[in-house]
Amino acid sequence: MSFGEIIGQQKQIENLRTALRSGRLHHGYLFVGPDGVGKRSISLALAKAIHCSAHEDDFCGDCVNCTRIAAGNHPDVRFVGPLAGKKEISIQQIRDIEKELNLQSFTGQRKIAIFDPATLLNLSSQNALLKTLEEPPNNSLLILIASSVGSLLPTLRSRCLQVSFAPIEPKTLVDFLIVAKHCSSEEANNLATLSMGSVGLALNLKDNKLFEKRREWAALTASIGRGDYRAASAAAEKLAANKNDSLGFLEWAQSFFRDVLVYSADAPAQNLTNIDLQEQIQHVCNAGTLERWLSVLEQTYDAGARIQRNLNRRMVLEDLLFNVAGRR
Ligand SMILES: [Zn+2]
């Protein structure tokens, strides 16, 4: 493995490598961009390149430093996220990290802390981290990873060099899925569209058989005719059997009903997310009005939140699918 094998984000990688080569790495970086586009992989790659015993501005993936960093047990590289059972990164964690950053490096290179996701730093831990960034320990490197910067203090942001990560270009993602993941060209194109440029999401879709599941969900949704509450009830019972499936369905249903709205607005087919489900999208679209699909779309978000709060899944899903059948 090397930087050359990371897909997309070539400009960002080149800038980091140039800084590394010339000894001009900043002491604090903020990696910002959507989930699954390489922020974590690139921070990991940078940590390896800094400590790799075989290369100066790249990494081998095989030496003791590279392997220990990949396994998460290198003494100079720490990933910081919420502790088990906690929702936020605590101030105590920041204090512990600051102590560690002040210790002698194991390899004589930088001590690195990667905060992922930095959006889970609460206000007091952000303030503590701000102090660390204002007076960084010698030879330290902090990387904050965030999908958006809204929840981060402006003072904290201004202390970091921001690197923005855009979704991966569709063609790059399609090529990667065909060459490295042995997808057929049709599957690769569908996954690239569905994942909207997120490698993480594309691989997740592929590995979790979500791709096929979507087709079942679409067929189930399209089978609910106008006034057919019996079909709606049967579908709700099926989808409610397992909490993860219920939530997976609702997440997908958001993109599906968004597509129904796109379709009803006569937008070009390439604007659809579920491009392989056009037939079902058209079928559902023709069975109701724009107002109905808008209300169903809104309800999918609400239903997901209600299931997260452990409300009766069958009732929540029935409520939504009765709306699909035209009750409201
Ligand atoms: Zn190495």
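Source: prediction; values computed, not measured.

### Here's the deal with the overall build of the protein
Working step 1: A tally of regular secondary structure across the protein gives 15 helices and five strands.
Working step 2: With the C-alpha coordinates aligned to their principal axes, the bounding extent of the protein is approximately 70 × 45 × 30 Å.
Working step 3: Across the 328 residues of the protein, 36% fall into the buried class.
Working step 4: Partitioning the intrachain contacts of the protein with sequence separation of at least 6 by distance along the chain shows that 70% fall at a separation of at least 24.

### A few points about the packing of helix 1 (residues 10-21) against helix 2 (residues 39-51)
Working step 1: Where helix 1 contacts helix 2, the axes come no closer than 11 Å and their chain directions differ by 25°. Overall, the two elements helix 1 and helix 2 adopt an arrangement that is roughly parallel. When you trace helix 1 past helix 2, the crossing you get is right-handed. Contacts between helix 1 and helix 2 pair Gln12, Ile13, Leu16 and Leu20 from the former with Ile42, Leu46, Ala49 and Ile50 from the latter.
Working step 2: Residues belonging to the contact of helix 1 with helix 2 are distributed by class as follows: seven nonpolar, one polar and no charged.

### Thoughts on the nonpolar core
Working step 1: Core analysis: the biggest nonpolar cluster contains 40 residues, and Phe31, Ala113, Phe115, Ile143, Leu144 and Ile145 have the highest contact counts within it.
Working step 2: Secondary-structure elements contributing two or more residues to this core are strand 1 (28-32), helix 2, helix 3 (64-71), strand 2 (77-80), helix 4 (91-101), strand 3 (111-115), helix 5 (123-134) and strand 4 (140-146).
Working step 3: Among residues more than four places away in sequence, those in contact with Ile143 are Tyr29, Phe31, Ser43, Ile114 and Phe115.
Working step 4: Counting 27 residues, the second-largest nonpolar core is a separate cluster that includes Phe257, Leu272, Ala303 and Val324.

### Topic: the sheet that holds strand 3
Working step 1: Read from one edge of the open sheet, five strands run 2-3-4-1-5, paired in parallel fashion. On the outer flanks of this sheet lie strand 2 and strand 5 (161-164), each paired with one strand and no other. On average, each strand axis in the sheet is tilted by 20° relative to the strand beside it, whichever way the strands run.
Working step 2: Helix 2 contacts strand 1, strand 2, strand 3 and strand 4 of the sheet and is inclined by roughly 170° relative to strand 4.

### Comments concerning the domain arrangement of the protein
By convention, interface size is frequently given as the accessible area that disappears when the constituent parts associate.
Working step 1: Split by domain assignment, the protein resolves into domain 1 (3-164), domain 2 (169-207) and domain 3 (209-325).
Working step 2: Computed from C-alpha coordinates alone, the two centres of domain 1 and domain 3 are separated by 40 Å.

### Considering the pairing of strand 2
Working step 1: As defined by bridge partners, strand 2 adjoins strand 3 across four bridges and the pair is classed as parallel. Along strand 3, the bridge assignment pairs Arg78 with Ala113.

### Some thoughts on helix 9 (residues 199-207)
Working step 1: Taken together, the buried positions of helix 9 are occupied by Val199, Ala202 and Leu205. All buried residues of helix 9 fall inside an arc of 130° around its axis, so they share one side.
Working step 2: The inward-facing, buried residues of helix 9 contact helix 7 (170-179), helix 8 (185-195) and helix 10 (210-222).
Working step 3: Directly beyond the C-terminal end of helix 9, a positive phi value near 55° is found at Lys209.

### Notes on unusual backbone geometry
Working step 1: Residue Pro117 is reached from Asp116 by a cis peptide bond, and omega for that bond is -5°.
Working step 2: Here Asp266, not a glycine, exhibits a phi torsion of approximately 60°, which is positive.
Working step 3: Positive phi, close to 65°, is recorded for Asn310, a residue that is not glycine.
Working step 4: Position of Asn310 among the secondary structure elements: in the loop between helix 14 (290-308) and helix 15 (313-325).

### Details of the packing of helix 4 against helix 5
Working step 1: Contact pair helix 4 / helix 5: the axes reach a minimum separation of 8 Å and the direction vectors enclose 20°. Between helix 4 and helix 5, the interaxial angle falls into the category roughly parallel. When you trace helix 4 past helix 5, the crossing you get is right-handed. In this structure, helix 4 uses Ile91, Gln93, Ile94, Arg95 and Glu98 to contact helix 5, whose residues at the interface are Ser124, Ser125, Ala128, Leu129 and Thr132.
Working step 2: Residues that form the contact of helix 4 with helix 5 fall into these classes: four nonpolar, four polar and two charged.

Cut-off values and rules
Residues numbered from 1 in each chain as written. Predicted model: local features only at pLDDT ≥ 70, side-chain atom pairs only at ≥ 80, totals over all residues. Helix = DSSP H or I, 4+ residues; strand = E, 2+ residues; numbered from the N terminus. Buried ≥ 20, exposed ≤ 12 C-beta atoms within 10 Å, placed from the backbone. Contact = placed C-beta atoms within 7 Å. Axes fitted to C-alpha atoms, helices over the stretch in contact; angles between N-to-C directions. Parallel < 35°, antiparallel > 145°, perpendicular 65-115°, else oblique. Left-handed = near helix turned anticlockwise from the far one by under 90°. Nonpolar A, V, L, I, M, F, W, Y, C, P; charged D, E, K, R; others polar. Core = buried A, V, L, I, M, F, W, Y, C linked by C-beta atoms within 7 Å. Pairing = 2+ DSSP bridges. Domains from an automatic or database assignment. Arc of directions from axis to C-beta.

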